[in-house]
Each structure stands twice: as structure tokens, then as C-alpha cells.
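Overview (structure and organization)
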Amino acid sequence: MDRLDAFKSIAAQAGRGELAFPTNVAASVKLQQALSDPDCHTDTAAKLVQADPLLAARSVAIANSVAYNRSGNEIAGVRQAVQRLGVRTLQSLVAALIVRQLGSQIKDPGLQAMSRQLWEHTAHVAALAQVIARRVTHVDPDTAMFAGIVHEVGGFYMLSCADSDPSIMQGEPEEWVEHGEAQIGRGVLNKLVIPEAVMQAVEAMWDGLRALPPETLGDTLLLANDLAPVPSPLHSRPGATSPQAARTIDFAIGDGTLNAILTESAAEVHSLTTVLLL
């Protein structure tokens, strides 16, 4: 089987829901599915989080970040953190844990470097999406951060699969767009029980059509993706806004501008990004 056929085979399997997760990732997927249950309340969520020391530590850290602790009252307990964050933000943290676990399985140095860059890109997009949602588009900020964290989860899965044959990722970027992005992305997102609104936002990003000024969750994700200082290493979609051009994006919002809002929110974006990169 040549490289492109192997790539297409992985994409087809993912599209059919035939996903091969390592044991630690499978456990986190089950946790994500439990948190996605509409009957999962705060007390249940707190118990689930406490069972995972890494997730517990991250929950407390993000609850004390500038974005979630505007009163300045720090907390030290998981239950308090869960109450402050809510179940949707916990889903974001579990999704972050899953993509980090996928990346941690990779042994090939080249793929490791791609995985690190992809996670840096993801963390910046998630933090920017949260602020843009709250200050610009007025969609739910927690949902926007969640969308930012999972928007490249298919890429992490592909990188983990390619570790057994790194040449799979040595093709043209267009091959990822044509044969992998949507099939693998949808397969993994479905496995994680991602809400339909988030699925639609990620699919809007694949289409690359964004309104300015942005209005929807999809617009929020696309703008955050364009503004992220670290680009995705997987592909550069034809016609996509370059990081250099993204820095020139500006438009009026009420009595201010996008650039003014981003400047005012820089500490929040930095705080969220730092926690996610831990």
C-alpha cells in the first residue's frame, strides 16, 4: 500500500467510526461521554474530575485564570473549580487532555514537532475564541473555547496514526484537505459526542467562509484561527488568511474596534493560553 492509499485508508476507517485509541485516550473519551450526558450535574462532574489528578489540577488552574477569576478570589478545591467553570468548560479541558494524550503517544521526532506546533496553535485559537465570543460576537464563550480546542482533533488523531509510517504525512497539504480533514475530523468529533453547534462551527472552518464583522460561532472560530500567532502545521488552505495578514484585520465594534478589544483582552488570552499549554 503506497503512502496516499494508506492515508485514504485511515481516513475511510475514521469516517466509518472505526477509531483506534490508546488505552489512556479511551479512558478520557469515556469521561468526555459521561460529561456530555444532559443528566451530568456539578456534583457528578466534580467526582469524575477528582478521579483524574491531571484533570483536577488543570481545572483548578483554569478556574483561577484571569478569564474565569475576575474577582481575584483564588480557589484550591476541585469542587469549587467545577462550580466556577461549569460542565461545558470541563468538557473543553477533557478534550484538551485527549488531544495532548494523542500527541504524547508519538515517537517520530518530525511528527512530535508537528504535534507540539498543532497544540500551540490549538491553545491560541481556543483562548482567542473565548474572548472574541464574549467581546465581539456574543455567542457562548465556553462553547467557543470548546470549539477552539477540538477544531484540529482530527489532525492529532492522524498524527498519532502516522507514527507507524511517518511518510503518510509527507504528502501535499491539499491531500489532508481533500482526503483527511473532514472524514477524520467528523469521525473523531462524533466519537467525542461533540454538540451539533460545535460540529457546525468546525465544518464552517473547513469551508473557510467567514463574515466580517463576525456573527456566528463558526465566524468566531475562523477569526480566532486567522489571528492565532502560531499557524497549524497541517495545511494552508488556498485563499486562507496568512498570520501576517490576520494581524491587520480590524473593524468597528460598537464604540471600539477589534484591535482595541484584543489589546484590552491580551492578559486574558495569555492567561488562558498559558494554562492550556501546561
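**Details of the overall build of the protein**
The number of helices and strands found in the protein is 15 helices and two strands. Taken against the 2.2 N^0.38 rule, which gives 19 Å for 278 residues, the C-alpha radius of gyration of the protein at 18 Å falls within 12% of a compact globule. Over its C-alpha atoms, taken along the principal directions, the protein stretches across nearly 60 × 45 × 30 Å. Here the contacts in the protein between residues at least 6 apart in sequence split such that 73% fall between residues at least 24 apart. Of the roughly 12,100 Å² of accessible surface on the protein, 51% is carried by carbon and sulfur atoms.

**Comments concerning the pattern of salt bridges**
In total, this model carries seven salt bridges according to the counting rule given. Linking R135 and E264 is a salt bridge whose minimum nitrogen-to-oxygen distance equals 2.8 Å. Residue R135 is found in helix α7 (residues 109-137), and its partner E264 is found in helix α14 (residues 258-264); the two are separated by 129 residues along the sequence. Classification of R135 as partly exposed rests on a relative accessible area of 26%. The exposed category is assigned to E264, whose relative accessible area is 55%. A cluster of three or more residues bridged by salt bridges with shared partners is formed by R70, R134 and E268.

**Quick notes on the environment of I261**
Tracing the sequence through the fold places I261 in helix α14. Not counting residues within four places of it along the chain, the set of residues in contact with I261 comprises R135, V136 and I253.

**Some details on unusual backbone geometry**
Omega for the bond connecting L212 with P213 falls within 30 degrees of zero, at 0 degrees, which places this linkage in the cis form. Positionally, P213 belongs in the loop between α11 (196-207) and α12 (217-227). Within the chain, H138 stands out as a residue other than glycine whose phi angle is a positive 60 degrees.

**Some thoughts on the side chain of S28**
By the secondary structure assignment, S28 is in helix α2 (residues 23-35). In this structure S28 comes out as buried when scored by relative accessible area, which is 4%. The residues touching S28, leaving out its near neighbours within four places in the chain, are V94, L97, I98 and Q101.

**What about helix α9 (residues 153-162)?**
Counted residue by residue, α9 has eight buried out of 10 residues, so it is predominantly covered. Of all the positions in α9, only V153, G154, G155, F156, Y157, M158, L159 and A162 are classed as buried.

**A closer look at helix α6 (residues 87-104)**
Taking 1.5 Å as the rise per residue, α6 with 18 residues should run 26 Å; its terminal C-alpha atoms sit 25 Å apart, in good agreement. Among the 18 residues in α6, 14 count as buried, and that is most of the element.

**Regarding the packing of α11 against α12**
Relative orientation of the contacting elements α11 and α12 amounts to 50 degrees, with a least axis distance of 8 Å. Taken as axis vectors, α11 and α12 run oblique relative to one another. Seen along the crossing, α11 lies across α12 with a hand that is right-handed. Contact residues: A197, V198, A201, V202, A204 and M205 in α11; L217, G218, L221, L222 and N225 in α12.

**With respect to the side chain of D163**
Here D163 shows up in the loop between α9 and α10 (173-191). Among buried charged residues, D163 stands out as having no salt bridge; its nearest opposite-charge side chain is K107, 5.4 Å away. Those residues in contact with D163 that sit more than four places away from it in its chain are Q105, I106, K107, D108 and L111.

**Describing the environment of V230**
Residue placement: V230 occurs in the loop between α12 and α13 (243-246). Beyond its immediate sequence surroundings of up to four residues, V230 is in contact with Q117, E120, H121 and H124.

**Quick notes on the nonpolar core**
In terms of nonpolar packing, the biggest core is built from 94 residues, with V150, Y157, M169 and L258 touching the most fellow members. Counting residues per element, this core draws most heavily on α7, at 14 residues. Once residues lying within four places of it in the same chain are set aside, the contact partners of Y157 are I10, A14, E18, L19, A20, F21, L102, I184 and V188.

**What about the packing of helix α4 (residues 53-63) against helix α5 (residues 78-85)?**
The geometry of α4 relative to α5 is characterised by a closest axis approach of 9 Å and an angle of 55 degrees between their N-to-C directions. When the axes of α4 and α5 are compared, the pair comes out oblique. Classified by chirality, the crossing of α5 by α4 is left-handed. Of α5, the residues touching α4 (which contributes A56, S59, V60, I62 and A63) are V78, A81, R84 and L85. Class assignment for the residues of the contact of α4 with α5 results in seven nonpolar, one polar and one charged.

The rules behind each value
Residues numbered from 1 in each chain as written. Predicted model: local features only at pLDDT ≥ 70, side-chain atom pairs only at ≥ 80, totals over all residues. Heavy atoms only, no water. Helix = DSSP H or I, 4+ residues; strand = E, 2+ residues; numbered from the N terminus. Rg over C-alpha atoms; globule rule 2.2 N^0.38 Å. Contact = heavy atoms within 4.5 Å. Areas by Shrake-Rupley, 256 points an atom, 1.4 Å probe, with all protein chains shown as cover. Salt bridge = Lys/Arg side-chain N within 4 Å of Asp/Glu carboxyl O. Buried < 20%, exposed > 50% of the residue type's maximum accessible area, 1.4 Å probe, protein only. Expected span 1.5 Å × (residues − 1). Axes fitted to C-alpha atoms, helices over the stretch in contact; angles between N-to-C directions. Parallel < 35°, antiparallel > 145°, perpendicular 65-115°, else oblique. Left-handed = near helix turned anticlockwise from the far one by under 90°. Lys, Arg positive; Asp, Glu negative; His and termini not counted. Core = buried A, V, L, I, M, F, W, Y, C linked by side-chain atoms within 4.5 Å. Nonpolar A, V, L, I, M, F, W, Y, C, P; charged D, E, K, R; others polar.

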